[in-house]
Protein chains: 2
Amino acid sequence: MRGLALLECVAAGTNDVKGIATRLNTPRSTVHRMLNSLAAEGYLHHVPYKGYLLGPKLIHLGMRALEQRPLVALARPHLEALAQRTGDTVHLGVTDGAEVFYLDKIPGTRGLEMRSRVGQRMPLASTGVGKALMLGIPPSRWRDLYREAGEATIAGSDRPPPVPWAKYETQMADYLRRDWVFDLEENEVGVRCVGAPVRDISNSVVAAISVASASQYMPNDRMAELGPVVRATAHAISEALGWKR
Amino acid sequence: MRGLALLECVAAGTNDVKGIATRLNTPRSTVHRMLNSLAAEGYLHHVPYKGYLLGPKLIHLGMRALEQRPLVALARPHLEALAQRTGDTVHLGVTDGAEVFYLDKIPGTRGLEMRSRVGQRMPLASTGVGKALMLGIPPSRWRDLYREAGEATIAGSDRPPPVPWAKYETQMADYLRRDWVFDLEENEVGVRCVGAPVRDISNSVVAAISVASASQYMPNDRMAELGPVVRATAHAISEALGWKR
DNA sequence: GAGGTTGTCTCATATAATGGGACAACCGTA
DNA sequence: TACGGTTGTCCCATTATATGAGACAACCTC
């Protein structure tokens with residue numbers, strides 16, 4: 001466990017021995033020994049007198065972790081079709097606590113790239129994928145999630161002022177009826193998305209997808225058109241999981 | 001180290017307790033305790049009475065590992081441009097021992113997908129990226145690499161009969177002059193690629209790229225045309241690394 | 001229901017990691 | 001080029017820590 005904390009530390013960008021020793025309050029001697037072992041096995045990349053970086057074995061494990069989720073493999077073709085059709089960035093995510101966990105991302109062809117990354121976490125209540133996932137959570141818990149998202153700060157992100165709760169609740173109720181959601185620059189200024197939930201054989205929401213793009217490519221009328229399209233893709237994935245319409 | 005071996009074991013597809021205990025010849029009791037700890041921290045995904053899968057933290061670490069390689073970030077835009085221009089699958093890889101290690105992959109738009117995966121390893125001597133990397137290795141070592149590739153067996157792959165060494169050597173010498181390489185279905189039947197090496201400021205080969213596609217999209221004359229194109233992209237990436245033409 | 005697998009717990013034991021320290025090699029900078 | 005700060009390398013007594021055996025219940029599949 002200590003070794004893994006060390007990896008997390010390096011992942012977080014602390015790549016000097018002293019810094020790691022401080023962050024974990026562990027003697028330099030111990031940290032050094034562990035770094036050596038991890039580097040020798042390929043879990044870390046070591047540049048002498050420069051620092052440590054995450055190594056190739058972690059790339060391998062990470063990719064395998066993605067492949068082992070049948071959801072990713074099943075959803076891929078549908079996501080690609082959606083990306084091709086819309087030209088925008090497509091996301092796939094699942095719930096992880098009170099957050100979205102991004103499982104897949106297909107970059108848009110419009111040149112500008114989203115900040116989002118596979119393997120990243122974001123507040124549920126303020127992203128397209130997240131709100132779609134919330135459609136599978138009892139509305140009584142929405143308020144908490146809304147509050148948590150408001151408190152969360154995203155490093156380096158340009159956070160817009162939050163939508164008032166009353167309005168948010170009304171919108172969500174509306175989304176629930178339609179079975180798709182909008183995100184109107186609530187997570188990041190200049191980014192809008194259209195999302196929809198993915199359900200499994202027991203009809204519970206297990207994932208969600210979204211199409212995201214810069215606001216200038218996402219006027220209101222286009223979002224309205226995109227709703228049914230995104231929902232149709234989500235349904236197609238759901239059916240691949242055994243869901244009955 | 002033992003815990004990491006356990007992760008590798010799960011990555012390799014052994015997801016039952018008994019199997020893991022056997023593979024690592026470790027008592028069931030110990031394996032169980034470790035699995036529990038790893039699952040509790042999110043490094044494994046546990047489905048009770050079903051098995052263990054690699055967890056979300058590994059996805060996160062894997063992605064971070066990729067981001068920490070400046071090479072990947074630098075090369076990305078060039079690779080995307082190449083993919084768009086050719087419509088085929090584009091690879092980026094580095095040398096890892098006697099193998100290629102794939103760092104990035106942009107799927108082609110022709111519908112059929114390559115077996116290759118980011119984080120995967122392949123013999124140097126029998127892939128497009130690998131042969132391009134070999135251009136940076138003293139020709140005296142080529143013979144060994146050629147032999148190793150011949151001995152390697154790839155699970156589930158349809159391996160064509162090897163090219164005789166004499167011919168192989170002649171081809172490589174040719175590639176060295178042109179600074180690009182061909183792979184004529186040597187790694188897998190039906191797949192052809194064109195590759196080129198990437199160099200850094202010290203003029204040593206640090207990576208390689210390739211464009212791969214099904215043979216029907218890769219007639220000889222197209223490959224000949226693609227050579228300079230792929231090489232130009234490789235040169236562009238090299239220049240981003242400080243290489244002087 | 002039976003057989004095999006898995007999850008949970010306890011405990012004595014000794015393995016194996018710990019952390020302190022001392023020293024040399026190295027980097028950037030003054 | 002001399003310096004402070006950081007890093008790489010080694011040693012060793014200490015004890016904390018993981019180990020592995022076993023017993024039992026819960027569980028899945030056939």
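For the structure, check the block above.
S.K.: Before we move on, could you go through the sheet that holds strand S3 (residues 89-96) of chain A and cite the residues and values that matter?
M.R.: Residues and elements named next belong to chain A. With antiparallel pairing, the six strands of this open sheet are ordered in space as S5-S4-S3-S8-S7-S6. Looking at the sheet topology across the chains shown, the edges are occupied by strand S5 (121-123) and strand S6 (181-184). The average undirected angle you get between the axes of adjacent strands in this sheet is 35°. Sheet topology places strand S4 (residues 99-106) next to S5; three bridges connect them, and they run antiparallel. Paired with Glu99 across the strands is Pro123, a residue of S5. Seen against the sheet, helix H5 (residues 70-86) touches S3, S4 and strand S8 (205-214) and runs at an angle of roughly 65° to S4.

S.K.: Tell me about the protein's contact with DNA strand D, residues and numbers included.
M.R.: Within the structure, DNA strand D sits among 19 residues, and Arg28, His32 and His46 of chain A together with Arg33 and Lys50 of chain B are positioned closest to it. When atoms of DNA strand D within 4 Å of the protein are sorted by moiety, sugar and phosphate together comprise 63%. Take Arg2 of chain B: an N or O atom from its side chain is 3.4 Å from a phosphate oxygen of DNA strand D. Listed by contribution, the elements that provide at least two residues to the surface near DNA strand D are helix H2 (17-23) and helix H3 (28-40) of chain A together with helix H3 (28-40) of chain B. Top contributing element to the surface near DNA strand D by residue count: H3 of chain B, with four residues. Among the residues making up the surface near DNA strand D, the classes are represented as six nonpolar, six polar and seven charged.

S.K.: Before we move on, can you summarise the relation of the copies chain B and chain A with the specific residues and values?
M.R.: Mapping chain B onto chain A calls for a screw motion: a turn of 180° about the axis and a shift of 0.0 Å along it, with 0.0 Å RMSD after fitting. What the rotation and shift describe, once combined, is the action of a two-fold rotation axis. When C-alpha distances to the rotation axis are compared across chain B, the minimum falls at Gly62 of chain B, with a value of 2.1 Å. Take the interface residues of chain B: 100% of them recur as interface residues in chain A, which is what a same-surface contact looks like.

S.K.: Just give me the short version of the protein's contact with DNA strand C, but keep the residues and values in it.
M.R.: The full set close to DNA strand C counts 19 residues, and Pro27, Arg33 and Lys50 of chain A together with His32 and His46 of chain B are the nearest of them. The sugar-phosphate backbone supplies 62% of the atoms of DNA strand C found within 4 Å of the protein. Within the side chain of Arg33 of chain A, an N or O atom sits 3.0 Å from a base nitrogen of DNA strand C. Within the contact set of DNA strand C, a phosphate oxygen lies 3.1 Å away from a backbone nitrogen or oxygen of Lys18 of chain B. Elements with a minimum of two residues in the surface near DNA strand C: H3 of chain A together with helix H2 (17-23) and H3 of chain B. The element best represented in the surface near DNA strand C is H3 of chain A, accounting for four residues.

S.K.: Describe the pattern of salt bridges, naming the residues involved and giving the relevant values.
M.R.: Inspection of every chain in the model, using the stated rule, returns 24 salt bridges over all chains. Ionic pairing is found between Arg222 of chain A and Asp88 of chain A, a salt bridge with its closest N-O pair at 2.8 Å. Of the two residues, Arg222 of chain A sits in helix H9 (residues 220-240) while Asp88 of chain A sits in the loop between H5 and S3, which places them 134 residues apart along the sequence. Both residues of the pair, Arg222 of chain A and Asp88 of chain A, count as buried. Here Arg199 of chain B makes a salt bridge to Asp179 of chain B, at a shortest N to O gap of 3.2 Å. Of the two residues, Arg199 of chain B sits in strand S7 (residues 191-199) while Asp179 of chain B sits in the loop between helix H8 (165-178) and strand S6 (181-184), which places them 20 residues apart along the sequence.

Cut-offs applied
- Along each chain, the written sequence defines residue order, and numbers are assigned to residues from 1.
- Chain labels run from A onward and ligand labels from 1 onward, assigned in the order the entries are written.
- Only residues with pLDDT of at least 70 get local features here, since the model is predicted, and only at 80 or more are side-chain atom pairs given and counted; chain-wide, interface and lining totals rely on the full set of residues.
- The side-chain values count all of the structure's non-hydrogen atoms but skip hydrogen atoms and water molecules.
- Paired strands are those between which DSSP finds at least two bridges.
- The secondary structure listing takes helices from DSSP runs of H or I that are at least 4 residues long and strands from runs of E that are at least 2 residues long, numbered from the N terminus.
- Axes here mean lines fitted to C-alpha atoms, for a helix over just the part in contact, with angles spanning 0 to 180 degrees between N-to-C directions.
- When checking whether two residues touch, look at their non-hydrogen atoms; a contact exists if any pair is within 4.5 Å.
- For this description, a residue counts as near a given molecule or strand if any of its non-hydrogen atoms is within 4 Å of it.
- In protein, a polar contact means a hydrogen-donor-capable atom and an acceptor-capable atom, both N or O and within 3.5 Å, with residues adjacent in sequence counting only if both atoms are side-chain atoms; elsewhere, any N or O pair within 3.5 Å suffices.
- Classification convention: Asp, Glu, Lys, Arg as charged; Ala, Val, Leu, Ile, Met, Phe, Trp, Tyr, Cys, Pro as nonpolar; all other residues, Gly among them, as polar.
- Fitting of the copies onto one another was done by least squares over C-alpha atoms, counting residues only where both copies have pLDDT of at least 70.
- Salt-bridge detection follows one rule: a side-chain nitrogen of Lys or Arg within 4 Å of a carboxyl oxygen of Asp or Glu.
- Here's how the labels work: a residue is buried when its accessible area is under 20% of the maximum for its type, exposed when over 50%, partly exposed in between, all with a 1.4 Å probe on protein chains only.

Just distances and angles here, no functional claims.
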